[in-house]
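Residue-level structural notes
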Amino acid sequence: MERPRVKNEDQYEALRGKGYSKEKSARIANTPNAGKKGGKASPYEEWTKAELYEQAKNVGIDGRSKMSKKQLINALRNN
């Protein structure tokens, strides 16, 4: 199986080295804030529901259209 395209190759390899699956490593490394350090990405609570929905769509979370903002945050943090 072909490896998914990865935007942040260094982060992908570091996550794989920590034991993350290929899929999860690629999802994390492909997020818009991938590789940012020091908490520069704003917390999900500050995002709009539409922004959370788009992020959930980007990482492939099923059932996102029926989720509340709180459920989207939980799904993104635990996916």
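Just above, that's the structure.
This text gives an overview of the structure that appears in the document. Since the structure is predicted, the reported quantities are computational estimates derived from the model, not experimental observations.

Side note on the overall build of the protein
- A count of helices and strands for the protein gives four helices and zero strands.
- Ordering the α and β elements of the protein from the N terminus gives α-α-α-α.
- Of all intrachain contacts in the protein linking residues separated by at least 6 positions in sequence, the fraction that spans at least 24 positions is 25%.
- When the accessible surface of the protein is totalled, it reaches about 5900 Å², and 47% of it is carbon and sulfur.

Description of the packing of aromatic side chains
- On inspection of all chains with the given rule, the structure shows one aromatic pair.
- Judged by centre distance (4.9 Å) and plane angle (85°), the rings of Tyr44 and Trp47 are edge-to-face.

Quick notes on the pattern of salt bridges
- Taken as a whole and assessed by the stated rule, the structure comprises two salt bridges.
- The partner of Arg27 in a salt bridge is Glu23, and the shortest N-O contact between them spans 2.7 Å. Taken together, the positions of Arg27 and Glu23, both in helix α2 (residues 22-29) and four residues apart, correspond to about one turn of that helix.
- Accessibility expressed as a relative area gives 17% for Arg27, which makes it buried.
- Take Glu23: its relative accessible area is 55%, and that puts it in the exposed class.
- Residue Arg77 pairs with Glu45 through a salt bridge whose shortest N-O separation is 2.9 Å. In this pair, Arg77 is assigned in helix α4 (residues 69-78) and Glu45 in the loop between α2 and α3 (49-59), connecting sequence segments 32 residues apart.
- Here Arg77 falls in the partly exposed class, since its relative accessible area comes to 46%.
- Residue Glu45 is classed as partly exposed on the basis of its relative accessible area, which comes to 43%.

Topic: the side chain of Gln55
- In this structure, Gln55 sits in helix α3.
- Take Gln55: its relative accessible area is 5%, and that puts it in the buried class.
- Not counting residues up to four positions away in its chain, the partners in contact with Gln55 are Thr31, Pro32, Tyr44, Trp47 and Leu76.

Cut-off values and rules
Throughout, a residue's number is its position along its own chain's written sequence, starting from 1. Given that the model is predicted, a residue must reach a pLDDT of at least 70 before its local features are reported, and side-chain atom pairs must reach 80 or more before they are shown or counted; all residues, however, enter totals for whole chains, interfaces and linings. Side-chain metrics rest on all non-hydrogen atoms present in the structure, leaving aside hydrogens and water. Per the convention used, a helix needs a DSSP run of H or I reaching at least four residues, while a strand needs a run of E reaching at least two, with both numbered from the N terminus. In what follows, residue pairs with any heavy atoms lying within 4.5 Å of each other are defined as contacts. Here the open area of atoms and residues is found with the Shrake-Rupley method and a 1.4 Å probe, where only the protein chains shown may cover a residue. For Phe, Tyr and Trp, where Trp contributes only its six-membered ring, two rings pair if their centres lie within 6.5 Å, and the inter-plane angle classes them as stacked under 30 degrees, edge-to-face over 60, or tilted in between. Salt-bridge detection follows one rule: a side-chain nitrogen of Lys or Arg within 4 Å of a carboxyl oxygen of Asp or Glu. Exposure classes here rest on a 1.4 Å probe applied to the protein chains alone. A residue is buried below 20% of its type maximum, exposed above 50%, and partly exposed in between.

So yeah, pure geometry; function would need other evidence.
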